[in-house]
Amino acid sequence: MTKAITDRNLAPSRVSTVLADASWQHKLPPLPYAYAALEPAIDKHTMQHHHAHHRAYVKQLNIALQKYPALQKKSAQWLLLNLDLIPIEIRQSIRINAGGHANHSLFWRAMSPALKKSSHNDIAPTGELYEAIVREFGSFDFFKTLFSNTAASHFGSGWVWLTRAQEDGGRLELITTEGNDNPLAQGCYPLLVCDVWEHAYYLQHKNNRPQYLLDWWDVINWREAERRYAEAKNRVALHPKLARTPRLPLTEEFLRHAA
Ligand code: MN3
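The notes below deal with the structure included here. Since the structure is predicted, the reported quantities are computational estimates derived from the model, not experimental observations.

1. Points about the overall build of the chain
Right, on to step 1. Each helix and strand in the chain was counted, giving 12 helices and three strands.
Right, on to step 2. Residues classed as buried in the chain amount to 46% of the 259 residues present.
Right, on to step 3. Contacts spanning at least 24 positions in sequence make up 69% of the contacts within the chain whose residues lie at least 6 apart.

2. Description of unusual backbone geometry
Right, on to step 1. Residues glutamate 39 and proline 40 are joined by a peptide bond in cis, for which omega reads 5 degrees.
Right, on to step 2. Examined against the element boundaries, proline 40 turns out to sit in the loop between helix H2 (15-18) and helix H3 (44-65).
Right, on to step 3. With a phi close to 50 degrees, lysine 206 is a non-glycine residue in the positive phi region.
Right, on to step 4. Relative to the helices and strands, lysine 206 is located in the loop between strand S3 (188-195) and helix H9 (209-216).
Right, on to step 5. Overall, the relative accessible area of 67% leaves lysine 206 in the exposed class.
Right, on to step 6. One non-glycine residue, asparagine 207, adopts positive backbone phi at about 70 degrees.
Right, on to step 7. Among the secondary structure elements, asparagine 207 is positioned in the loop between S3 and H9.

Procedures and definitions
- What you see as residue numbers is a count from 1 along each chain, following the sequence as written.
- Since the coordinates come from a predicted model, pLDDT governs what is reported: local features require at least 70, and pairs of side-chain atoms require 80 or more to be given and counted, while whole-chain, interface and lining totals use all residues.
- Only heavy atoms go into the side-chain values, all of them from the structure, while hydrogens and water stay out.
- Numbering of helices and strands starts at the N terminus; helices are DSSP runs of H or I of at least 4 residues and strands are runs of E of at least 2.
- Any residue under 20% of the maximum accessible area for its type is buried, any over 50% is exposed, and the rest in between are partly exposed; the area is computed with a 1.4 Å probe on protein chains only.
- When checking whether two residues touch, look at their non-hydrogen atoms; a contact exists if any pair is within 4.5 Å.

Put into C-alpha cells, the structure is as follows:
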C-alpha cells in the first residue's frame with residue numbers, strides 16, 4: 001500500500017467540513033495584458049481560447065481538491081512536485097489540472113506586447129542569460145533554431161521550455177514535456193515556455209505550428225526570462241524540495257556512471 005493511501009492527513013474529509021470555506025480555492029489569474037495585445041503575432045481569439053482552457057484547469061483542480069483539506073493550501077507547483085503523495089484517485093486529475101494551471105500562468109508572463117515590433121535588440125535576451133545561452137548553445141541564432149525545431153517536431157500536445165538546472169552548475173536546458181507536465185519535476189527551473197497544444201495554433205495559424213512558432217518569437221518577454229534566470233539561483237534555498245528532486249538521466253556524465 002502506498003504512502004498516499006495510508007497517510008491519514010491526506011484522507012478525504014467529511015462533507016460537512018468541506019462546505020465551510022472556499023477561500024483556499026485556486027484562482028484564474030487575469031492576463032497581464034489585453035486579449036488583443038499580442039496581435040498580430042497571436043490574435044485575440046486564440047488568447048481567449050487559451051484563457052478558457054486555463055479557467056477549466058483551475059475549476060477541475062478545485063473540484064479534485066474539494067475533499068482533501070491537507071492539500072488545499074498547497075501551490076500548484078508543490079502539488080506537481082509531490083505527485084507521489086497525492087491520493088491515487090485524484091493524482092491524474094492533479095497532474096493534468098495543476099499542470100495546466102501552472103504552465104499557463106507561466107505562459108502569460110513568457111509573452112509581452114511591450115517588446116513587440118521593437119528593435120531587434122529588444123526581442124533578444126541580454127546580460128547573464130544571453131551569455132549563458134551562447135555558452136550552452138553556441139550562439140543565440142542556433143538556440144533559436146533549436147528551440148523552434150524542437151517545438152515544431154514535438155509530437156502531440158505539450159510544452160517547450162528553456163530551463164535552468166537546479167544542479168549541474170545551473171546549466172541551461174531545452175526541454176519538452178508531454179501533456180501538462182512541468183520541468184520542475186525534473187529538477188529544472190522554467191525560464192521560458194511555449195504552449196504547443198493544438199489550441200495554440202489551430203485558430204489563427206490554421207494548424208501551421210511552424211508559422212505560429214515564428215510569430216511567437218516576436219512576443220517573447222525576454223525581460224521576464226532574465227528575471228527568472230537570476231531567480232533560479234535562489235530557488236534551491238527557498239524550496240528544499242526542488243534541490244532534492246532528481247534530474248532526468250540525460251547528461252553524458254550520468255550515462256557514464258550508470259553504465
Ligand atoms: Mn494553452
